[in-house]
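As a plain string of letters, each chain reads:
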Amino acid sequence: EPEVTQTPSHQVTQMGQEVILRCVPISNHLYFYWYRQILGQKVEFLVSFYNNEISEKSEIFDDQFSVERPDGSNFTLKIRSTKLEDSAMYFCASTGGWDQPQHFGDGTRLSIL
Amino acid sequence: SQQGEEDPQALSIQEGENATMNCSYKTSINNLQWYRQNSGRGLVHLILIRSNEREKHSGRLRVTLDTSKKSSSLLITASRAADTASYFCATDNFGNEKLTFGTGTRLTIIP
């Protein structure tokens, strides 16, 4: 069964550095998302992406964050100038349509030191 | 309560018993989805139920939706040790497909 893949599985970065989290959504899906889960807390929506542009973003998704679909397969989340509070599990998800399930990757655990 | 709150927060049952988890939400929804998360892992999609549906089955899983009460339940029958995980409900609204997750129920199946 097709699945969403994310790399790396774990990223350790010094505060202030930039990180890029990578995702390969399911190939025929059209809608892409990033969520995050701080340890012990709810999964929170960050951003949705459709037709090569952001369709919605949360208050968390400020100028520090950006997303890109550089080619036909990858979907990336860039975090500039990371902060300690950016430490979390980041999940990528994709779906073929608004009335279909969102399928999640296994996540990237981001640790900011 | 916040959009998407599950209860109980934690549930421990003997293997073979049925497990029921509940989810409540506040605003109108388009779809409600249930996910499973094993410790430190990703979210596995279980079932999607639409706002015009009342019940859905998938294997040992049964989901009900009561839009008048803004609540849903997930029933796992004949539980197995492998069902030990956290279970989350997530809702989306018409015209807005982002998911809003609940706080989750931590289910432990005792062999």
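It should be emphasised that the depicted structure is a prediction, and the values quoted were computed from it without experimental measurement.

Caption draft 1: Focus on the overall build of chain B. Secondary structure assignment for chain B yields zero helices and eleven strands. Sequence-ordered secondary structure for chain B, helices as α and strands as β, is β-β-β-β-β-β-β-β-β-β-β. For a compact globule of 111 residues, the expected C-alpha radius of gyration is about 13 Å, and chain B comes in at 13 Å, within 12% of that figure. By its C-alpha atoms, chain B is 45 × 25 × 20 Å across when sized along the principal axes. Counting the 111 residues in chain B, one finds 48% classified as buried. Of the contacts made within chain B by residues no fewer than 6 positions apart, 54% connect residues no fewer than 24 positions apart. With the model as given, the accessible surface of chain B reaches about 5100 Å², and the carbon-plus-sulfur share is 45%.

Caption draft 2: View of the side chain of Arg36 of chain A. Residues and elements named next belong to chain A. Residue position: Arg36 is located in strand E4 (residues 31-37). For Arg36, a relative accessible area of 10% puts it in the buried group. Once you skip the residues sitting within four places of it in the chain, Arg36 turns out to touch Lys42, Val43, Glu44, Leu46, Ile60, Glu85, Asp86, Ala88, Met89 and Tyr90.

Caption draft 3: Looking closely at the interface of chain A and chain B. Each partner contributes to the interface: chain A provides 22 residues, whereas chain B provides 23 residues. At the boundary of chain A with chain B, total buried surface from both sides reaches about 1800 Å², with 51% on carbon and sulfur atoms. Three residues stand out in chain A for area buried against chain B, namely Lys42, Trp98 and Phe104 of chain A, and they jointly supply 30% of the buried area on that side. On inspection of chain A and its partner chain B, the count reaches three salt bridges.

Caption draft 4: Quick peek at the nonpolar core. Counting 22 residues, the largest nonpolar core has Met21, Leu32, Trp34, Leu74, Ile76, Tyr87 and Leu107 of chain B as the members making the most contacts within it. If you list the elements that add at least two residues to this core, you get strand E2 (10-14), strand E3 (19-24), strand E4 (31-37), strand E5 (43-50), strand E7 (61-66), strand E8 (71-76), strand E9 (85-93) and strand E11 (105-110) of chain B. Membership of the second largest hydrophobic core comes to 21 residues, among which are Val4, Ile26, Phe61 and Phe75 of chain A.

Caption draft 5: Looking closely at the packing of aromatic side chains. In this structure the tally under the stated criterion is 14 aromatic pairs over all chains. Pairing Tyr35 of chain A with Phe45 of chain A gives two aromatic rings, centres 5.8 Å apart and planes at 70°, and the pair type is edge-to-face. On the criterion of sequence distance, the pair formed by Tyr35 of chain A in strand E4 and Phe45 of chain A in strand E5 (residues 43-50) is long-range, its members being ten residues apart. Across the pair, exposure class does not vary: Tyr35 of chain A and Phe45 of chain A are buried alike. Taken together, the ring pairs in this structure connect Tyr33, Tyr35, Phe45, Phe91 and Phe104 of chain A together with Tyr35, Phe88 and Phe101 of chain B into an aromatic cluster.

Caption draft 6: Representation of the sheet that holds strand E3 (residues 19-24) of chain A. All names here are of chain A. The four strands are arranged E1-E3-E8-E7 in an open sheet whose pairing can be described as antiparallel. Because the sheet does not close on itself, it has two edges, and the strands there are strand E1 (5-7) and strand E7 (65-68). The mean angle between the axes of side-by-side strands here comes to 20°, regardless of whether they run parallel or antiparallel. With four bridges joining them, E7 and strand E8 (residues 75-79) adopt antiparallel strand pairing. Paired with Glu68 across the two strands is Thr76, which belongs to E8.

Caption draft 7: Just the pairing of E11 of chain B, in detail. All names here are of chain B. Residues Thr105, Leu107 and Ile109 of E11 are buried on one face, while the alternating residues Arg106, Thr108 and Ile110, pointing to the opposite face, are not. The pairing of E2 with E11 spans five bridges and is classified as parallel. Bridging across to E11, Leu11 finds its partner in Leu107. Bridge count for E9 against E11 is three bridges, and the pairing is antiparallel. Residue pairing across strands places Ala85 opposite Leu107, the latter belonging to E11.

Quick notes on the rules
Residues numbered from 1 in each chain as written. Chains lettered and ligands numbered in written order. Predicted model: local features only at pLDDT ≥ 70, side-chain atom pairs only at ≥ 80, totals over all residues. Heavy atoms only, no water. Helix = DSSP H or I, 4+ residues; strand = E, 2+ residues; numbered from the N terminus. Rg over C-alpha atoms; globule rule 2.2 N^0.38 Å. Buried < 20%, exposed > 50% of the residue type's maximum accessible area, 1.4 Å probe, protein only. Contact = heavy atoms within 4.5 Å. Areas by Shrake-Rupley, 256 points an atom, 1.4 Å probe, with all protein chains shown as cover. Buried area = accessible area lost by both parts, 1.4 Å probe. Salt bridge = Lys/Arg side-chain N within 4 Å of Asp/Glu carboxyl O. Core = buried A, V, L, I, M, F, W, Y, C linked by side-chain atoms within 4.5 Å. Phe/Tyr/Trp six-rings, centres within 6.5 Å; stacked < 30°, edge-to-face > 60°. Pairing = 2+ DSSP bridges. Axes fitted to C-alpha atoms, helices over the stretch in contact; angles between N-to-C directions.

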